[in-house]
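# Residue-level structure breakdown
Chain by chain, the residues run as shown.
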Amino acid sequence: MKLRCLPLLVLLASTVQPAGLFLQMSDPQFGMYSENKDFAQETVNFEFAIATANRLRPKFVVICGDLINQAGNSAQAAEYHRIAAKLSPAIKLYNVAGNHDVGNQPTTASLADYRERFGADYYKFRSGDLEGFVLNSSLIGAPEHAQAEAARQEEWLKSELAKARAEGIRYRVIFQHHPWFLDTADEPDQYFNIPAVTRKRYLELFHESGVTHVFAGHYHRNAYGRDGSLEMITTGPVRKFLGNDPSGLRVVTWSDAGIEHQYYGLGSIPHEVTIK
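Residues numbered from 1 in each chain as written. Predicted model: local features only at pLDDT ≥ 70, side-chain atom pairs only at ≥ 80, totals over all residues. Heavy atoms only, no water.

What follows deals with the overall build of the protein chain. Counting secondary structure elements, the protein chain contains eight helices and 13 strands. Taking 2.2 N^0.38 as the reference for a compact globule, 276 residues should give roughly 19 Å; the C-alpha atoms of the protein chain span a radius of gyration of 18 Å, in line with that estimate. C-alpha extents for the protein chain along the principal axes are approximately 55 × 45 × 35 Å. Burial analysis of the protein chain (276 residues in total) assigns 56% to the buried set. Approximately 11600 Å² of the protein chain is accessible, and the part contributed by carbon and sulfur atoms is 52%. If the 28 positive side-chain charges of the protein chain are averaged to one point and the 31 negative ones to another, these points end up 6 Å apart. (Helix = DSSP H or I, 4+ residues; strand = E, 2+ residues; numbered from the N terminus. Rg over C-alpha atoms; globule rule 2.2 N^0.38 Å. Buried < 20%, exposed > 50% of the residue type's maximum accessible area, 1.4 Å probe, protein only. Areas by Shrake-Rupley, 256 points an atom, 1.4 Å probe, with all protein chains shown as cover. Lys, Arg positive; Asp, Glu negative; His and termini not counted. Charge placed at Lys NZ, Arg CZ, Asp CG, Glu CD.)

The following block contains the structure:
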C-alpha cells in the first residue's frame with residue numbers, strides 16, 4: 001500500500017478509506033537556526049506546517065519533541081504556543097518532550113518547568129481504534145537526576161499497556177523524541193538512540209503488549225528500522241534538517257489494512273491524501 005495524491009473524484013469514489021489520519025512532526029526547535037538569537041526561520045516553517053495540518057484535517061497532530069531549542073526560554077515557548085494555537089480546534093495537538101525541552105539529563109526542576117509550559121510529559125490518548133502512548137524519552141535514556149520520576153513513568157506505561165491489551169485496542173502506538181534504534185535493535189549505543197540495556201527492557205515490554213509502531217524524531221533525518229513486528233520510524237524535523245531530505249512532516253493513516261506512512265518535504269505535501 002502507498003500514500004498517494006489522488007484527484008477529488010477518485011477520493012470520493014474510493015472504497016478503501018482510512019479509519020484515521022494523523023500528522024507526525026518533530027523538532028520545530030525554535031531558536032536552533034540562529035543559536036538562540038532569534039527564531040525567524042522556525043516561525044516560517046512551523047506556520048507552514050500548521051497551515052498544512054488545517055488543510056489536510058487529520059484527527060490529530062503529534063509533535064515529537066524539541067519544541068524549543070533552549071529549555072526554559074520563555075520567548076521561544078511563547079512563539080511555539082502562538083503558532084500552535086492556529087491549529088483548528090477540531091484537530092487534537094499532542095506535545096512530546098525532547099532533550100532540548102527538559103535537558104539531556106532531566107531534573108525534577110526541568111520537568112516541572114516543562115510541565116508548566118507545555119503540559120504532561122507522559123500520557124496516553126485515544127483516537128478511534130488507535131491508542132497513543134506519549135513518553136519522555138530523555139527521562140528513560142538518562143534517569144540519573146530524576147530516578148523516582150523515571151520509575152513512575154515506567155510503571156505507568158506497564159499498567160496502561162496492560163489495560164490496552166486487555167481491552168483489545170487494535171493499534172497501540174508509542175510517540176517519543178529519541179528513537180530506540182535507527183536501523184537495528186542490537187545496534188551500538190550512540191547519541192541518537194536509547195542505551196542498549198534500557199532499550200532491550202522496553203522493546204520486550206512492547207512486544208509483550210502488542211505495540212506495533214514507535215514514532216520518534218531527534219535524529220534530524222529520516223530513518224527506518226524494525227525489530228520483528230515492531231516498526232521504528234524516525235522522522236526528520238520541521239525546521240533545520242541535517243541530512244539530504246528537506247524539512248517536512250510525516251503523514252500517517254490507519255485502517256483495517258494496517259498503518260501506512262510517508263514523509264513529505266514542506267514544499268511537496270499533496271493536496272489530498274488517501275490509501276489505495
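Next comes the rest of the account.
A word on the sheet that holds strand β8 (residues 211-216). With mixed pairing, six strands are arranged side by side in an open sheet as β5-β6-β7-β8-β10-β9. Two strands bound the open sheet, and with one partner strand each, they are β5 (123-127) and β9 (223-227). Mean inter-strand twist for the sheet, computed between neighbouring axes without regard to direction, equals 20°. For β5 and strand β6 (residues 130-134), the ladder comprises five bridges, and the chain directions are antiparallel. Bridging from a neighbouring strand, Y123 pairs with V134 of β6. Set on the sheet, helix α7 (residues 147-167) makes contact with β5, β6, β7 (171-175) and β8; between it and β6 the angle comes to about 175°. (Pairing = 2+ DSSP bridges. Axes fitted to C-alpha atoms, helices over the stretch in contact; angles between N-to-C directions. Contact = heavy atoms within 4.5 Å.)

It is worth spelling out the packing of aromatic side chains at this point. Counted under the stated rule, the structure contains 25 aromatic pairs. Here the aromatic rings of Y94 and F125 are separated by 3.8 Å at their centres, their planes lie at 10°, and the arrangement is stacked. Of this pair, Y94 sits in strand β4 (residues 92-95) while F125 is found in strand β5, placing the two residues 31 residues apart along the sequence. Here Y94 matches F125 in class, with each residue buried. Ring pairing ties together the aromatic residues F22, F60, Y94, Y123, F125, F175, F215 and W254, which thus form one cluster. Between the NZ or CZ atom of R221 and the centre of the ring of F192, over which it lies, the distance is 5.3 Å. (Phe/Tyr/Trp six-rings, centres within 6.5 Å; stacked < 30°, edge-to-face > 60°. Lys NZ or Arg CZ within 6 Å of the ring centre and 35° of its normal.)

Bringing helix α3 (residues 74-84) into the picture now. In an α-helix, one full turn covers 3.6 residues, which means residues spaced three or four apart are oriented alike. What α3 keeps buried is the set Q76, A77, E79, Y80, I83 and A84. Each buried residue of α3 lies within a common arc of 160° when the element is viewed along its axis, so the set occupies one face. On its buried side, α3 packs onto α2 (40-56), β3 (60-63), β4 and α5 (108-118). Capping of α3 at its N-terminal end is provided by N73; its side-chain oxygen lies 3.1 Å from the backbone amide nitrogen of A75. (Arc of directions from axis to C-beta. Polar contact = N/O pair within 3.5 Å; in protein donor to acceptor, adjacent residues only side chain to side chain.)

Structural measurements only, silent on function.
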